[in-house]
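What follows is each chain in one-letter form.
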Amino acid sequence: MKKRKGYVFTDKKNSNRAVMATILGVISLVSLGVVVFFSYRSGGEAKAGYGVTALLAAVYSLTGLVLGFITVQDKNYFRLFPVLGLVLNGAALAGIGLILYLGGNLG
């Protein structure tokens, strides 16, 4: 008997929450990268808008972490997007923490 190609016999699917967690992680990391780049180009002088952007990135990262934790505990979904969302949002929060730590010690 010949095997059919292209069929996946599983009930698992991707969660919309997990995809949103990944998207929020990407948005947070990109916005932090842009803020750091523009602060570097202006000689280390950060405008007030950069701080607001970092605050929004922190809110997005925390939201993404919550969505990732909720989805990673459910066995009915694939694991790629929840884990990727947790990693990206964790990296964004670590970046924000590093910026705050260095700003407090070097400033």
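About the cut-offs
Per chain, the residues get numbers from 1 upward, laid out in the order the sequence is written. Per-residue local features are limited, in this predicted model, to residues with pLDDT of at least 70; the limit for side-chain atom pairs, both in listing and counting, is 80 or more; totals at the level of whole chains, interfaces and linings are taken over all residues. Calculated side-chain values reflect all of the structure's heavy atoms, with hydrogen atoms and water omitted. Both cavities and pockets are sets of points on a 1 Å grid over the protein atoms alone; in a cavity a 1.4 Å probe fits but cannot get out, in a pocket the set is open with protein on both sides within 12 Å along at least five of seven lines, and lining residues sit with an atom within 4 Å of a point. Grid points are joined across faces, edges and corners, and a volume is the space filled by probe spheres set on the points. By definition, any uninterrupted DSSP run of H or I lasting at least four residues is a helix, any uninterrupted run of E lasting at least two residues is a strand, and each is numbered from the N terminus. Each residue gets one of three labels, nonpolar for Ala, Val, Leu, Ile, Met, Phe, Trp, Tyr, Cys and Pro, charged for Asp, Glu, Lys and Arg, and polar for the others, Gly among them. The patches reported here contain residues having more than 30% relative accessible area and no salt bridge. Joining distances are 9 Å for like charges and 5 Å for nonpolar side chains (Val, Leu, Ile, Met, Phe, Trp, Tyr). In these tables, accessible area is a Shrake-Rupley quantity obtained with a 1.4 Å probe, and a residue counts as shielded only by the protein chains included in the view. Salt bridges are defined by distance alone: a side-chain nitrogen of Lys or Arg within 4 Å of a carboxyl oxygen of Asp or Glu.

(A) Here's a closer look at the layout of surface pockets. The calculated volume of the largest pocket comes to roughly 440 Å³. Considering the residues around the largest pocket, the lining is formed by 15 residues, among which Val 36, Ser 39, Ala 46, Ile 99 and Gly 103 are closest to the centre. Where the lining of the largest pocket is concerned, the elements lending two or more residues are helix H1 (16–41), helix H2 (48–72) and helix H3 (80–106). Here the lining of the largest pocket gets five residues from one element, more than from any other, and that element is H3. Looking at the lining of the largest pocket, its residues break down into 10 nonpolar, five polar and no charged.

(B) Molecular detail of a nonpolar patch on the surface. Residues Met 20, Ile 23, Ile 27, Val 52, Leu 55, Leu 56, Val 59 and Tyr 60 make up a contiguous nonpolar surface patch of about 690 Å² in total accessible area. Every element with two or more residues in the nonpolar patch is listed here: H1 and H2. Ranked by the residues each element gives to the nonpolar patch, the list is headed by H2, at five residues. Among the secondary structure elements, Ile 27 is positioned in helix H1.

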